[in-house]
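Remarks on the overall topology
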Amino acid sequence: MNITDKLGRVVKDLRISVTDRCNFRCNYCMPIEKFPGNFKFMPRKEILSFEEIELVAKAFAELGVTKIRLTGGEPLLRKDLSRLIEKLSKIEGIGDLALTTNGDLLGNQAQRLKDSGLHRITVSLDALDKDIFFKMNGNFSSPKKIIQGIETAIEAGLLTKINMVVRKNINGCQVLPIAHLGCKLGVETRFIEFMDVGSKNSWDLKDVFSKKDILQKLSADFSFIPIGNRGKSDVAKVYQSTNKKLTIGIISSISEPFCSNCTRARLTAEGKLFTCLFGRDGIDLKSHIRGGSSRSDLKKLFQKVWSDRNDQYSMQRKQLAQQTQKAEMHYLGG
Ligand code: SAM
Ligand code: SF4
Ligand code: SF4
């Protein structure tokens with residue numbers, strides 16, 4: 001069964017945040033000044049159990065969701081994550097099970113993730129230069145460790161991608177080195193415009209390194225032909241290099257918003273359901289689940305929520321930006 005929102009978009013993807021905790025402090029997501037070392041994350045009892053997440057995922061699968069991505073915070077900080085992956089990988093209809101990570105703990109976990117049934121992994125890496133990496137990510141880990149994690153994921157047989165968030169005057173000079181790394185490792189590399197998610201990352205339009213800037217940087221060493229979007233719900237504009245072996249994607253949420261393709265529902269670690277990355281309050285599913293709602297009750301609730309949906313924040317950014325209080329990215333998941 002497929003459910004359609006007010007703008008005719010069908011729900012296809014479910015993003016599940018498994019924790020709001022993180023061991024990094026990226027300046028575009030959890031700047032250290034706003035999220036100090038003693039920042040209080042959600043208490044354990046507020047977080048959905050694997051069984052509760054599985055219940056939600058099964059209900060969504062019955063409503064036409066075919067793709068699940070685990071995220072956070074940092075998902076690899078969630079204890080026994082492979083047990084959840086095993087459960088989700090067995091759900092009928094879920095053909096694509098992916099995870100986004102900062103890569104710090106990947107070296108030790110990649111094989112277990114693959115063996116549990118994970119198909120794909122996206123690893124965030126914003127710079128190869130150590131000082132710029134620290135500036136972006138808040139002085140944690142190292143590019144070397146993240147690259148080792150990526151190599152381990154590839155060896156384990158996970159389909160692997162790299163994500164790079166680009167901020168003007170900080171890491172624009174790393175676009176080419178990261179593209180060359182993608183080329184060397186044979187992995188698709190995605191460049192993401194710095195977005196105004198939440199209200200704590202001091203977002204300013206002048207700090208956005210746009211799709212146009214990214215392509216211009218890359219043109220020093222690469223020629224590309226556009227191959228459009230992969231599928232109707234893929235938000236990245238994909239390009240194939242004609243002179244090197246590299247595929248890239250650009251996620252241009254700011255310069256070329258793509259709300260008309262948005263087929264994603266988002267579940268936070270504490271069980272709130274969001275229908276837009278720029279939402280403020282989610283629907284509290286945990287109280288329904290812990291209050292005894294069945295899968296069929298949850299399906300009815302999702303149907304109602306999705307069919308009432310008319311989000312298109314990115315298309316209306318200028319009008320909405322001033323008035324919208326937004327949930328933070330580490331809480332909502334990317
Ligand atoms: N901790 C994991 C990681 O960093 O990959 C998963 C969660 S993170 C919130 C998911 C994705 O969102 C990452 O690729 C991250 O780079 C991206 N992201 C976070 N804040 C962003 C922002 N303000 N603009 C664009 N992308 C952002
Ligand atoms: Fe960075 Fe991801 Fe942590 Fe946000 S959740 S601070 S993007 S590592
Ligand atoms: Fe989807 Fe909201 Fe992003 Fe538009 S702004 S693409 S509706 S998440």
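Located above this text is the structure these notes cover.
Heads up: these notes are all about the structure in this document. Predicted, not measured: the structure shown is a model, and the values here were computed from it.

Parameters and conventions
Residues numbered from 1 in each chain as written. Chains lettered and ligands numbered in written order. Predicted model: local features only at pLDDT ≥ 70, side-chain atom pairs only at ≥ 80, totals over all residues. Heavy atoms only, no water. Helix = DSSP H or I, 4+ residues; strand = E, 2+ residues; numbered from the N terminus. Rg over C-alpha atoms; globule rule 2.2 N^0.38 Å. Buried < 20%, exposed > 50% of the residue type's maximum accessible area, 1.4 Å probe, protein only. Salt bridge = Lys/Arg side-chain N within 4 Å of Asp/Glu carboxyl O. Polar contact = N/O pair within 3.5 Å; in protein donor to acceptor, adjacent residues only side chain to side chain. Contact = heavy atoms within 4.5 Å. 1 Å grid on protein atoms, 1.4 Å probe; cavity = no way out; pocket = protein on both sides within 12 Å on 5 of 7 lines; lining within 4 Å. Points joined across faces, edges and corners; volume = space filled by probe spheres on them. Near = heavy atom within 4 Å. Areas by Shrake-Rupley, 256 points an atom, 1.4 Å probe, with all protein chains shown as cover. Nonpolar A, V, L, I, M, F, W, Y, C, P; charged D, E, K, R; others polar. Core = buried A, V, L, I, M, F, W, Y, C linked by side-chain atoms within 4.5 Å. Expected span 1.5 Å × (residues − 1). Arc of directions from axis to C-beta. Pairing = 2+ DSSP bridges. Axes fitted to C-alpha atoms, helices over the stretch in contact; angles between N-to-C directions. Parallel < 35°, antiparallel > 145°, perpendicular 65-115°, else oblique. Left-handed = near helix turned anticlockwise from the far one by under 90°.

Observations regarding the overall build of the protein
- Helix and strand counts for the protein stand at eleven helices and twelve strands.
- Computed over the C-alpha atoms, the radius of gyration of the protein is 19 Å, within 12% of the 20 Å expected from 2.2 N^0.38 for a compact globule of 334 residues.
- Along the first, second and third principal axes, the C-alpha set of the protein runs to 55 × 45 × 40 Å.
- Counting over 334 residues, the protein shows a buried share of 57%.

Details of the pattern of salt bridges
- A complete count under the given rule lists 26 salt bridges for this structure.
- Residue Glu52 is joined to Arg290 by a salt bridge in which the shortest nitrogen-to-oxygen separation is 2.8 Å. Of this pair, Glu52 sits in helix 1 (residues 50-62) while Arg290 is found in helix 8 (residues 285-290), placing the two residues 238 residues apart along the sequence.
- Lys145 serves as the salt-bridge partner of Asp104, at 3.1 Å between the closest nitrogen and oxygen. Within this pair, whereas Asp104 is found in the loop between strand 3 (96-101) and helix 3 (106-116), its partner Lys145 is found in helix 5 (residues 143-156), the two being separated by 41 residues in sequence.
- According to the relative accessible area criterion, Asp104 is buried, its value standing at 13%.
- With a relative accessible area of 37%, Lys145 lands in the partly exposed category.
- Bridged by salt links that share partners, the residues Glu51, Glu54, Lys58, Arg83 and Lys87 form one connected network.

Some remarks on the side chain of Asn102
- Here Asn102 shows up in the loop between strand 3 and helix 3.
- A distance of 3.0 Å separates the side chain of Asn102 from the backbone nitrogen of Asp104, its partner in a polar contact.
- Apart from the residues lying within four places of it in its own chain, the contact partners of Asn102 are Cys22, Asn23, Phe24, Glu74, Val123, Ser124 and Ile146.

Quick word on empty space enclosed by the protein
- For the structure on display, the rule yields one cavity of 30 Å³ or more.
- In this structure, the largest cavity occupies an estimated 30 Å³ of space.
- What lines the largest cavity is Asp13, Leu14, Arg15, Lys67, Ile68, Arg69 and Arg264.
- Looking at the lining of the largest cavity, the elements with two or more residues in it are strand 1 (13-17) and strand 2 (67-71).

Topic: the site of ligand 1
- Near ligand 1 there are 19 residues, and of these Tyr28, Gly73, Ser124, Asn163 and Met195 occur at the shortest range.
- Backbone polar atom of Tyr28 to a nitrogen atom of ligand 1: 2.9 Å apart, as the coordinates give it.
- Here an oxygen atom of ligand 1 and a backbone polar atom of Thr101 are 3.2 Å apart.
- Computed on the free molecule, ligand 1 has an accessible area of 540 Å², of which 95% lies beneath the protein chains in the complex.
- When contributions to the shell around ligand 1 are tallied by element, the ones reaching two or more residues are strand 3, strand 5 (159-166) and strand 6 (188-193).
- Split into classes, the residues belonging to the shell around ligand 1 amount to seven nonpolar, ten polar and two charged.

Focus on the nonpolar core
- Membership of the largest hydrophobic core comes to 103 residues, with the highest contact counts inside it found for Leu70, Phe191 and Leu218.
- If you tally residues by element for this core, the top one is helix 1, at seven residues.
- Beyond its immediate sequence surroundings of up to four residues, Leu70 is in contact with Ile16, Val18, Pro75, Leu81, Leu84, Ile85, Leu88, Ala98, Leu99 and Thr100.

A word on the site of ligand 3
- Around ligand 3 lies a shell formed by Arg9, Phe258, Cys259, Cys262, Arg266, Cys276, Leu277, Phe278, Arg309, Asp311, Tyr313 and Ser314.
- Partitioned by chemical class, the residues of the shell around ligand 3 number seven nonpolar, one polar and four charged.

Details of helix 9 (residues 295-307)
- Over its 13 residues, helix 9 extends 18 Å from the first C-alpha to the last, a length consistent with the 18 Å expected when each residue adds 1.5 Å.
- For helix 9, the full list of buried residues reads Leu298, Lys299, Phe302, Val305 and Trp306. End-on view of helix 9: buried residues confined to an arc of 130°, all on one side of the axis.
- Residues of helix 9 that are buried sit in contact with helix 1, strand 10 (264-267), strand 11 (272-274), strand 12 (283-284) and helix 8.

A few points about the sheet that holds strand 1
- The twelve strands are arranged 7-8-9-6-5-4-3-2-1-10-11-12 in an open sheet whose pairing can be described as mixed. Here the strands that pair on one side only, and so sit at the sheet edges, are strand 7 (224-228) and strand 12.
- Sheet topology places strand 1 next to strand 2; five bridges connect them, and they run parallel. When the bridges of strand 2 are listed, Leu14 appears paired with Ile68.

Points about the packing of helix 6 (residues 175-185) against helix 7 (residues 211-218)
- One can describe the packing of helix 6 onto helix 7 by two numbers: an axis separation of 9 Å at closest approach and a directional angle of 70°. Relative to helix 7, the element helix 6 is oriented roughly perpendicular. Here helix 6 runs over helix 7; the crossing is right-handed. Across from Val175, Leu176 and Ala179 in helix 6, the residues of helix 7 making contact are Ile214, Lys217 and Leu218.
- Each residue belonging to the contact of helix 6 with helix 7 can be placed in one class, and the counts come to five nonpolar, no polar and one charged.

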